[in-house]
Amino acid sequence: MTILKSLSAAALVAIASKHTACAFVPQQKGSQLTTRLLNQLDPVQIKKAGGGIPTVSSGGLLVFDPDAQGKLQGTHDLQSRILGGAAFKLAPPQISLDVPPLDATVEDAQHFLEHLDADGNLPLNFAKPQAPAKATVLGRAKLITDDAPGDIEHVVLKLPEGFHYVEGQSLSVIPPGVDPKNGRKNKPRLYSIASTRYGDLLDGNTISLCVRRAEFIEPDGTKDPAKQGVCSNFLCDVKAGDEVDVAGPVGKTMLLPEDPNKDIIMIATGTGIAPFRGFLHRLFMENTLAKHMFGGNAWLVLGVPVSGGLLYKEEFDCMQRTSSPGKLKIDYAISREMTNSIDGGKLYVQNVIAQNGKELFDRLDAGAHVYFCGLKGMMPPILDTLDEVAKSQGCVWSEKLSELKKNNQWHVEVY
């Protein structure tokens, strides 16, 4: 309640007739002191009537900013102190320790490369294709069984000092030799990075690639060497100690969300799993701040033709065993071995999307980021499926897609 004591009785009488009750003010009448109720006194009228103070609505505490002026040395805002009355207690003093308490659990965490993407900065183009850097092969291993079609290799390279990257970026590899068609050096090929910034050796100087050997099979089953992929065959045949010309890193499209509380949805076919392996190692395996701060859920959908072609399954199984229940969801679409529940045909990643359409859209509406990686042929059926799901959810897919892109929730890397 605001008590106006400095106004003359004449001033109050001159103003009071135009206002209704809100604040009590003293008014002299004979020998008795009475009160008159006034509402929203106009400062201009008060001044004209001989008064000279501003007025504040009763009980508003607007003469100061409680956040700026009421938090006196940790005593909280003035409103809390008033409401608390005699029960109000001062906040305990803040204690800063250089050494953790004896009963605290202390863990060594990977941290020496966390600066790479701090404040929106990214490592880009340590080396360019015109002047590549030399990487050294540390090892190579086949990822799929003999009954799975083709050949997919995991290649680990040691990078030169100072060559760093972050999850979701790509590396250019320049294969040796020249193009027989024009006699010029072979062009660089871009590969999604399949490791975290610390690498499989956790030393911050290695990088891993997931490479499918590109081969051309004639109708009679024979292979045509003249039509095979130059770079993929080079990488699938390298041996420890070999040198590889590399450039990069490049890429800003497939980065993890800045907000660690957002869900991530990863949809891949074949070697498109590469960037998602890096994501999942960072969020579920490595002892980094990113792992401890991740408050969302991850959902992986991976499509392959046969079970023997499932890439990094043992690693993902381990992540699911060691993570909190529901934190990591994985759906496999094994096309030659599974059938979908829609029409009974083969199960592809787009069928997994259709079967879980409501969940997918609910997550997107809550701010989830969705990522796609693999052969470019995967996208048309996926987009058709999303259009159908959108209709079932009562929205227009083109408008929803525009919204996702605007919010930076839509990430695509196909080749």
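This report concerns the structure included in the present document. Quick caveat: nothing in here was measured; it's all calculated off a predicted structure. (Residues numbered from 1 in each chain as written. Predicted model: local features only at pLDDT ≥ 70, side-chain atom pairs only at ≥ 80, totals over all residues. Heavy atoms only, no water.)

Helices and strands together make up the secondary structure of the protein, namely 12 helices and 13 strands. Here the protein holds 415 residues, and the buried ones make up 40% of them. Of the roughly 23000 Å² that the protein leaves accessible, carbon and sulfur atoms contribute 53%. (Helix = DSSP H or I, 4+ residues; strand = E, 2+ residues; numbered from the N terminus. Buried < 20%, exposed > 50% of the residue type's maximum accessible area, 1.4 Å probe, protein only. Areas by Shrake-Rupley, 256 points an atom, 1.4 Å probe, with all protein chains shown as cover.)

We now examine the nonpolar core. Counting residues in each nonpolar core, the largest one holds 33 residues, and the members touching the most others are Ile 273, Phe 276, Leu 280 and Phe 316. Looking at this core, the elements that each hand over two or more residues are strand E9 (264–269), helix H6 (274–285), strand E10 (298–304), helix H8 (313–322), strand E11 (328–334) and strand E12 (369–374). Considering each element in turn, this core owes the most residues, 6 residues, to H6. Apart from residues no more than four positions distant in its own chain, Phe 316 is found in contact with Ile 273, Arg 277, Leu 280, Leu 300, Leu 311, Leu 328, Ile 330 and Tyr 332. Judged by nonpolar contacts, the second largest core, of 25 residues, contains Trp 299, Val 349, Val 370 and Met 378. (Core = buried A, V, L, I, M, F, W, Y, C linked by side-chain atoms within 4.5 Å. Contact = heavy atoms within 4.5 Å.)

The strand order across the open sheet formed by 5 strands is E11-E10-E9-E12-E13, and the pairing between neighbours is parallel. Two strands lie at the open edges of the sheet, namely E11 and strand E13 (410–414), each paired on one side alone. Shown here is a sheet whose adjacent strand axes are inclined to one another by a mean of 10°, direction ignored. Pairing geometry for E12 and E13, over 5 bridges, is parallel. (Pairing = 2+ DSSP bridges. Axes fitted to C-alpha atoms, helices over the stretch in contact; angles between N-to-C directions.)

We now examine the sheet that holds strand E6 (residues 189–192). Taken together, 6 strands build an open sheet; the order of strands is E6-E5-E8-E3-E4-E7 and the sheet is antiparallel. This sheet does not close on itself; its edge strands, each paired only once, are E6 and strand E7 (206–212). When the angles between neighbouring strand axes are averaged without regard to direction, this sheet yields 40°. Summarising the sheet, strand E5 (residues 170–174) and E6 pair through 4 bridges and their orientation is antiparallel. Residue pairing in the sheet places Val 173 in a bridge with Arg 189 of E6.

Next up on the list: the environment of Phe 316. Note on placement: Phe 316 falls in helix H8. Residue Phe 316 is classed as buried on the basis of its relative accessible area, which comes to 0%.

Side-chain pairing between opposite charges can occur once the charged atoms of the two side chains come close. A full pass over the atoms with the stated rule returns 21 salt bridges. Residue Arg 282 pairs with Glu 167 through a salt bridge whose shortest N-O separation is 3.6 Å. Taken together, the residues span a long stretch of sequence, with Arg 282 in helix H6 and Glu 167 in the loop between strand E4 (152–158) and E5 at a distance of 115 residues. Across the pair, Glu 167 and Arg 282 agree in class, each one buried. Across the salt bridge formed by Asp 237 and Arg 213, the nearest N and O atoms sit 2.9 Å from each other. In this pair, Asp 237 is assigned in helix H5 (residues 230–237) and Arg 213 in the loop between E7 and H5, connecting sequence segments 24 residues apart. With relative accessibility at 40%, the residue Asp 237 sits in the partly exposed group. For Arg 213, a relative accessible area of 15% translates into the label buried. Through salt bridges with shared partners, a single ionic network connects Glu 114, Asp 117, Glu 167, Arg 197 and Arg 282. (Salt bridge = Lys/Arg side-chain N within 4 Å of Asp/Glu carboxyl O.)

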